[in-house]
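Residues per chain are reported as follows:
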Amino acid sequence: MAWARKLLRVNLTTGTCTTEPLNMDWAKLYLGSRGLAAKYLVEEIDPKVDPLSPENKMIMATGPLTGTAASTAGRYTVTTKGELTGVIACSNSGGFFGNELKNAGLDMIIFEGKSPKPVYLLIQNEQAALIDADEFWGCSVWDTEEGIKAKHQDPFIRVASIGKAGEVGCKFAGIVNDMDRAAGRSGVGAVMGSKNLKAVAIRGTRGVRVNNPAQFIEAVNNGKRVLAENPVTGEGLPTYGTQVLMNVINEIGALPTHNHRDVQFVGASDISGEAMHAVRKDGTKNLVSNAACFGCTIACQRVSKIERSHFTVKDRPQYQIASGGLEYENAWALGADAGINDLEAITFANFICNEQGLDPITLGATIAAAMEMFEEGVITLEDTGGIDLRFGNAEALVQITELTAKGEGFGREIGLGSKRLCEKYGRGELHMGVKGQEFPAYDSRGIQGMGLTYATSNRGACHLRSYTVASEVLGIPEKTDPLVTEGKAGLVKAFQDATAAVDACGLCIFTTFAWTLEDIAPQVDAACEGDWSVDAMLELGERIWNMERQFNLAAGFTGKDDTLPKRILKDAAKTGPAKGRVNELGKMLPEYYELRGWNAEGQPTSETLQRLGLI
Amino acid sequence: MQKSLHIIPEKCTGCTQCEIACSMQHDGIFSPSKSRIRVFKFHDEGRFVPYTCTQCSEAWCQRACPTGAIGINGETGAKVVSDTVCVGCKVCTIACPFGTINYVADSGKVAKCDLCDGDPACVKACPTGAIVFIDAQNTGFERMRSWAAKTDSGTPAKA
């Protein structure tokens, strides 16, 4: 129960689709989604494989709670070896696609090989087939999604697809479902594109059962009540979305700007959640409404409309619509990091990211790195094709975003991501990231725990692997001092393990602003066979974390890669509460390794692996 | 007192908890495709609108049914399909002006909202109060009140 107990294996080389029983021994150890998909990946691919080769596999997976009434239980993950990073990638998306996959009677789809020509996968309950995608190749996500629904005369089909970016090999291409929900990070869309797979379209009507319905509904209702009564999930997120953070993080001096040269941005309030609520010159607002993913009782999603007279849309009516608005990370990357305070321009750039399948975090951070090199004179007007790539230039942001989405002109270089771009121009130290993936929107000089989070994240720099911002800034579950390193090793480990467990359920990590595993374990326990206590969930998280780590070590990464750029470790913050601080990773990392049961080189010891059942 | 489902679209976030709850209530399974209430999304407008049967007093579906499969629940006033009498001819689906009674291929019968015997699951599941269950005679009162508040206030009323 809860699991569909079935997976679909799609061999793109031979064009065959076959179902097989889900390995329930593994399901009991790795639960689902991020955990179970990683187990299949680890078992089935060589960690040293080229991410864009046919030998890499890509797994779309639901969790056991996906498709149930549990709040936020509509998520699915894409697990593969990441093209941007070379480490294990697991990108997570909401919307309604995950529920549809589960309703088709499938826990996951494993894609292997490479199709000789562009195809899309159509699943209608028990029927699955690869269909020629010639008519959609070259199309945006938006046109592909609408086109597939029209072609099959079914508006209820859910689609996850790549845009032009994934086709042209942009290294941070994402996979977008339901028009503006994305498995965005680590280049999972580049892997999908390399397989000539344009889209996955699903119509599922079979339903999802749970082990003990009465007990499950009670646990679900308790959980929904906790979310409703919590000030963050019950009020802050529905009202302002994640953009509630823009002014908060700027005030504590942890809002990176100008490619992390500074930690406070003068234009922060112009691009904040509050600004999205402000009445514009024409009497309208940027924010049209909030919205929810499948089953989500928080509803943090932003729906935005760009002001009609703005230069980005005034001659382009197709963009004068309501669509996915700015999340905090996107507003930071496309705005603050590039020194841009034009809310409408960054909303437009975000629309393009959704329309063409780009990760806006890596895009914005790469543009910021390019802007720094442009101001240094390392990148010239000749390189950019005449685009004046100064910090703060909103027109340049929009031009570069559109070029990157299409893989044209200087956009092709931006599409490399900041690590490869900076190295190409001999300025590798300007890449602000870890393991090839760019930082998200928190400067770890002002939030020490996030430095350790980034350095040790299994998918490269990421806030969604252990969001210690919750504790260090918001006081959830308890307040810790963001400028202190003491205790952060334990905090990061606890957040990493709990997050991996939440991801494996098929739930959204935003629930954990209100929920602890005490709220989640009873829902899993009622839905699934087996004993899913809080302790079991924590052990599950730790098992997943160590398994991902083992994959990365086997891929050739070492403890030396658990580090931060020189700018974060050596150049002190110039303003704000963190003025004079650097990130003191060296004070946290050895303790972290010890708490993890790893040796001084960052390798899990055999005792640790044995304890977790990994050998 | 007869009660009606009253839907306030501007409060809807599109989460579909109502659909999830409806399918569990009637089919014992989480399956939005089986729900008798449906949330329609107008993506380009940022609008979400739940829609279901209004329980007409003189119901087209009931009049059209050749086998008399659609009865009335005396307590709730709901028009209820009898699965043992329904032959799946679909005439009711043509007769209903609102499209809220539909054929279900899995069962070979039609399905529509039955107000869950007076305790609608969708109402309990809705996190924002976009679906409420109130006195059938009062469904317009909130809107009437908002117009009344604008009367003589110097502000022209807006729909």
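On a predicted model such as this, the values are computed, not experimentally measured, just so you know.

Chemist: Got a minute to help me understand the overall build of chain B in this structure?
Modeler: The helix and strand tally for chain B stands at five helices and eight strands. Start at the N end of chain B and walk to the C end: the helices and strands fall as β-α-β-β-α-β-β-α-β-β-α-β-α. Along the longest, intermediate and shortest principal axes, the C-alpha atoms of chain B span 60 × 30 × 25 Å. The buried share of chain B, reckoned over its 159 residues, is 37%. Within chain B, residue pairs in contact and separated by at least 24 positions form 54% of the contacts whose partners lie at least 6 positions apart.

Chemist: Any chance you could explain helix α13 (residues 360-376) of chain A here in plain terms?
Modeler: Note on helix geometry: an α-helix contains 3.6 residues per turn, so any two residues three or four positions apart are oriented the same way. All names here are of chain A. Between the first and last C-alpha of α13 there are 24 Å, a value that for 17 residues agrees with the 24 Å anticipated at 1.5 Å per step. Most of α13 is tucked away: 15 of the 17 residues are buried. Directly beyond the C-terminal end of α13, a positive phi value near 90 degrees is found at G377.

Chemist: Looking at this structure, I do not really get the nonpolar core. What am I missing?
Modeler: Generally speaking, nonpolar side chains in soluble globular proteins are found buried as a group. Formed by 245 residues in total, the largest nonpolar core has its most connected members in Y120(A), L121(A), A201(A), A370(A), L397(A) and C122(B). Excluding residues within four positions of it along the chain, C122(B) makes contact with C18(B), A21(B), C22(B), I37(B) and I131(B).

Chemist: I would appreciate a short explanation of the sheet that holds strand β11 (residues 181-183) of chain A in the present structure.
Modeler: Whenever strands of a sheet pair, they do so through backbone hydrogen bonds, lying parallel or antiparallel. Residue and element names in this part refer to chain A. Taken in spatial order, the six strands of this open sheet run β8-β7-β12-β9-β10-β11, and their pairing is mixed. Both outer strands of the open sheet, β8 (127-132) and β11, are each paired with one neighbouring strand and no more. The mean angle between the axes of side-by-side strands here comes to 20 degrees, regardless of whether they run parallel or antiparallel. As paired strands, strand β10 (residues 175-177) and β11 are joined by three bridges and run antiparallel to one another. Each bridged residue has a counterpart across the sheet, and for V176 the counterpart in β11 is A182. Together, β7 (119-124), β9 (158-161), β10 and β12 (197-203) form the strand contacts of helix α4 (residues 141-151), whose direction differs from that of β9 by roughly 145 degrees.

Chemist: Would you take a moment to explain the domain arrangement of chain A for this structure?
Modeler: A common way to state how big an interface is: give the accessible area lost once the parts meet. All names here are of chain A. Assigned domains of chain A: these are domain 1 (6-203), domain 2 (218-431) and domain 3 (438-611). Taking only C-alpha atoms into account, the centre of domain 1 sits 26 Å from that of domain 3. The partner domain 3 presents 28 residues to the 38 residues of domain 1 that form the contact. For the side of domain 1 that touches domain 3, the secondary-structure elements that each account for two or more residues are α1 (24-30), α2 (33-44) and β5 (88-93). Sort the elements by how many residues they give to the side of domain 1 that touches domain 3 and α2 lands first, with seven residues. When the residues that make up the side of domain 1 that touches domain 3 are grouped by side-chain class, the tally is 15 nonpolar, 17 polar and six charged.

Chemist: I'm lost on the packing of α2(A) against helix α20 (residues 488-505) of chain A in this one. Help?
Modeler: Residue and element names in this part refer to chain A. Remark: α2 packs on α20, axes separated minimally by 5 Å, with the N-to-C direction vectors making an angle of 90 degrees. With respect to each other, α2 and α20 are oriented roughly perpendicular. In this structure, α2 contributes S33, R34, G35 and L36 to the contact, and α20 contributes A500, D503 and A504.

Chemist: Help me understand the interface of chain A and chain B in this model?
Modeler: Contacts between chain A and chain B engage 24 residues on the former and 20 residues on the latter. At four residues, the largest contribution of residues to the side of chain A that touches chain B is made by strand β13 (residues 287-291) of chain A. Taken together, the residues of the side of chain A that touches chain B sort by class into 13 nonpolar, nine polar and two charged.

Chemist: Mind showing me how you'd approach the domain arrangement of chain B here?
Modeler: Residue and element names in this part refer to chain B. Examined at the domain level, chain B breaks down into domain 1 (1-52 + 117-148) and domain 2 (55-112). Taking only C-alpha atoms, the centre of domain 1 and the centre of domain 2 are 20 Å apart. Looking at the side of domain 1 that touches domain 2 residue by residue, the classes come out as one nonpolar, four polar and two charged.

Chemist: Help me understand unusual backbone geometry, please; the structure alone is not making it clear to me.
Modeler: Trans is the prevailing form of peptide bonds, just as negative phi is the prevailing case for residues other than glycine. Look at the link from I476(A) to P477(A): it is a cis peptide, with omega at -5 degrees. In this fold, P477(A) is placed in the loop between α19 (469-472) and α20. One non-glycine residue, S33(A), lies in positive phi territory at about 40 degrees. Along the chain, S33(A) turns up in helix α2. One non-glycine residue with positive phi stands out, namely Q55(B), at about 55 degrees. As for its position among the elements, Q55(B) is in the loop between β3 (47-51) and α2 (60-64). By the C-beta count within 10 Å, which is 23 here, Q55(B) ends up buried.

Chemist: Is there a simple way to explain the sheet that holds strand β14 (residues 301-304) of chain A in this structure?
Modeler: Residues and elements named next belong to chain A. With antiparallel pairing, the three strands of this open sheet are ordered in space as β13-β14-β15. Two strands bound the open sheet, and with one partner strand each, they are β13 and β15 (323-324). As paired strands, β13 and β14 are joined by four bridges and run antiparallel to one another. Residue A291 lies in a different strand from β14, and its bridge partner there is Q301.

Chemist: Could you clarify how one ought to interpret helix α7 (residues 213-229) of chain A in this entry?
Modeler: Residue and element names in this part refer to chain A. The terminal C-alpha atoms of α7 lie 24 Å apart, and with 17 residues this matches the ideal 24 Å at 1.5 Å per residue to within 8%. Turning to α7, its buried residues are F216, I217, A219, V220, G223, K224 and L227. All buried residues of α7 fall inside an arc of 165 degrees around its axis, so they share one side. The exposed set on the far side of α7, more than 90 degrees from its buried face, consists of A214, N222 and E229. Of the surrounding elements, those touching the buried residues of α7 are α8 (231-240) and α21 (517-527).

Chemist: Before we go on, may I ask you to explain the packing of helix α12 (residues 343-356) of chain A against helix α15 (residues 394-406) of chain A in this structure?
Modeler: When two helices pack together, their arrangement is captured by the angle between the axes and the distance separating the axes. Residue and element names in this part refer to chain A. α15 packs onto α12 with a crossing angle of 5 degrees between their chain directions and a minimal axis gap of 9 Å. When the axis of α12 is compared with that of α15, the two are roughly parallel. Taken together, the residues of α15 that come into contact with α12 (itself represented by A345, F348, A349, I352 and Q356) are A394, L397, V398, T401, E402 and A405. A breakdown of the residues in the contact of α12 with α15 according to their chemical character gives eight nonpolar, two polar and one charged.

Analysis parameters
- Residues numbered from 1 in each chain as written.
- Chains lettered and ligands numbered in written order.
- Predicted model: local features only at pLDDT ≥ 70, side-chain atom pairs only at ≥ 80, totals over all residues.
- Helix = DSSP H or I, 4+ residues; strand = E, 2+ residues; numbered from the N terminus.
- Buried ≥ 20, exposed ≤ 12 C-beta atoms within 10 Å, placed from the backbone.
- Contact = placed C-beta atoms within 7 Å.
- Expected span 1.5 Å × (residues − 1).
- Core = buried A, V, L, I, M, F, W, Y, C linked by C-beta atoms within 7 Å.
- Pairing = 2+ DSSP bridges.
- Axes fitted to C-alpha atoms, helices over the stretch in contact; angles between N-to-C directions.
- Domains from an automatic or database assignment.
- Nonpolar A, V, L, I, M, F, W, Y, C, P; charged D, E, K, R; others polar.
- Parallel < 35°, antiparallel > 145°, perpendicular 65-115°, else oblique.
- Arc of directions from axis to C-beta.

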